[in-house]
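Okay, here's what each chain looks like letter by letter:
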Amino acid sequence: MALPINIGLFIQYGEVSSYLAATDFSRQRLLKGGAFRNELPLLLSTVTDLVDWNNSRDGNDETLVDTANYEYQLCGRYIPKAQQIIANMGQGLIVNPATGAVSILAPIYIEFYVGVTASPVMINGVNVTLPNVGDSSMTLPLTYIKQSLEIEMDGISIPRVATDRIAANVNYTNNDATISVNQPFAFNQLWVIAGDQYQTV
Amino acid sequence: MAFAGDYSISQGIDVTSFSLQDTSTGSDPNLTTRSISLFKTDNTLLGGAAIPWPLSDGSTKLISGLLVRDFSLNAVVTWTSSSPIPGSTYSKAGIVTFTGNSNEFAYGLLQQIAANQSLTNDNGYLLNLAIVNSDIQNANRATTYADQGNAQAALDRIYYFIVNQNFFF
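Residues numbered from 1 in each chain as written. Chains lettered and ligands numbered in written order. Predicted model: local features only at pLDDT ≥ 70, side-chain atom pairs only at ≥ 80, totals over all residues. Heavy atoms only, no water.

## Quick word on the overall build of chain B
Basically, it comes down to this: Starting at the N terminus, helices and strands are each numbered in turn, a helix being any DSSP run of H or I of at least four residues and a strand any DSSP run of E of at least two. Note on exposure labels: buried denotes an accessible area under 20% of the residue type's maximum, exposed denotes more than 50%, and partly exposed covers the range between, all computed with a 1.4 Å probe on protein chains only. Note on definitions: a residue-residue contact is assigned when non-hydrogen atoms from the two residues lie within 4.5 Å. Each accessible area is a Shrake-Rupley estimate made with a 1.4 Å probe; only the visible protein chains count as cover when residues are assessed.
The number of helices and strands found in chain B is 4 helices and 7 strands. Beginning at the N terminus, the succession of helices and strands in chain B can be written as β-β-β-β-β-β-β-α-α-α-α. Evaluated residue by residue, chain B yields a buried proportion of 41% over its 169 residues. Sequence separation of 24 or more characterises 64% of the internal contacts of chain B that already satisfy a separation of 6 or more. For chain B, the exposed area adds up to about 8100 Å²; of that, 52% sits on carbon and sulfur atoms.

## Things to note about the packing of aromatic side chains
All names here are of chain B. Here is the rule we go by: Pairing of aromatic side chains here covers Phe, Tyr and the six-membered ring of Trp, requires ring centres within 6.5 Å, and sorts the geometry by plane angle: under 30 degrees stacked, over 60 edge-to-face, intermediate tilted. As a reminder, the over-ring test applies to NZ of lysine and CZ of arginine, requiring each to be within 6 Å of the ring centre and within 35 degrees of the ring normal.
For the structure on display, the rule yields 13 aromatic pairs over all chains. Seen in terms of ring centroids, Phe18 and Phe98 are 4.8 Å apart; in terms of plane orientation they differ by 35°. Their pairing is tilted. In this pair, Phe18 is assigned in strand β2 (residues 18-22) and Phe98 in the loop between β7 (91-97) and α1 (100-115), connecting sequence segments 80 residues apart. Each member of the pair, Phe18 as well as Phe98, carries the same accessibility label: buried. Here Phe105 and Phe169 contribute two aromatic rings whose centre-to-centre distance is 5.7 Å and whose plane-to-plane angle is 75°, an arrangement assigned as edge-to-face. On the criterion of sequence distance, the pair formed by Phe105 in helix α1 and Phe169 in the segment after α4 (165-168) is long-range, its members being 64 residues apart. A network of ring pairs unites the aromatic residues Phe105, Tyr125, Tyr160, Phe161, Phe168 and Phe169 as a single cluster. Taking NZ or CZ as reference, Arg69 lies 5.2 Å from the ring centre of Phe71, over its face. Over the ring of Tyr159 we find Arg69, and its NZ or CZ is 4.1 Å from the ring centre.

## Examining the pairing of strand β3 (residues 31-39) of chain B
Residues and elements named next belong to chain B. To keep it simple, the criterion reads: Pairing between two strands requires that DSSP report at least two bridges joining them.
Where β3 meets strand β6 (residues 72-81), 8 bridges bridge the pair, whose relative direction is antiparallel. Note on β6: the bridge partner recorded for Ile36 is Val77. Relative to strand β4 (residues 51-52), β3 runs antiparallel, the two being bridged by 2 bridges. Residue pairing in the sheet places Ser35 in a bridge with Pro52 of β4.

## A short note on the sheet that holds strand β8 (residues 177-181) of chain A
Residues and elements named next belong to chain A. Heads up, the condition is: Every axis in this analysis is a line fitted to C-alpha atoms, fitted for helices over the stretch in contact. Angles between the N-to-C directions lie between 0 and 180 degrees.
The 3 strands lie next to each other as β4-β8-β7, forming an open sheet whose pairing is antiparallel. Pairing within the sheet leaves two strands with one partner each, and these edge strands are β4 (137-140) and β7 (168-172). Averaged over all pairs of adjacent strands, the angle between their axes in this sheet comes to 20°, without regard to strand direction. Bridging between β7 and β8 involves 5 bridges; their strand directions are antiparallel. Residue pairing for β8: Asn171 is matched across the bridge by Thr178.

Following this line, the structure appears as structure tokens:
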């Protein structure tokens, strides 16, 4: 029978929190001269190893509920930081300025030939409709696109507001980004659009 | 095609038991017997004799109840052919270290702590548990270098904690 908690996730928290606690306690020891209880990193590391062992041995062993909850409790205030580190693969804290939520930056990459590539295409779990020949805009219905889309056409970077050549202006909202071109999309043009999207952890 | 004898060993939920898997490649229609010898560090055999692994048992064999404590073993599987094929290998040896009993002991201590967290305030309790856990890893590390002696030494230190746990925990 499946256990009521995600033991594998708790083990990840324990592994990261062991390191966080060790570095945190090292700094405190330096500043305070060692006059405090400092066994948490050792305890956390040991407990995580043993929960991991038993989870590998028998992932349905019900004693894991008690021991993993104890491990989770030991992680304590390191849990939020551990969650960020696990989600961002070691990067620093990323906050979506529109929501204040801790996030990751998911890459956006679209490459298509106008009038040739089948539409729609799936980007980060959302269908994006490609422009037809003759259209003068396209919309990326992706929430919280970081305002840094890079656009190329036939291998050339496209400016935003130039009037003496092809340009593609972008209007960002929290729900989408609309790309407007000053010359309609033409058959067989190769467009490449790249950027990042905030996704809440 | 020449016969190349090979095997793997794994432990399941029961830490006193383990499974052998015959992973040999090639074929020899004249194989007659198969057995495994588990040599301890003193070169005596665990269980007192080689363990028959009849071909009729198929590719998997469960050996139950033999690991009353943990050992690092030199496991030698031997295949016998009535008409050996030139270029074949009929014996395969490898260092295998079992840490199930040690882990189970340490996990039992963890269960006690989870139920009564003030235990970690007891003199030496946490440190001794950490030493046990460290020696489990040391046994595994030694095994990666085929160092049976040091792997067994780490297991022996843990066994000392187990048989004298009233003094240490």
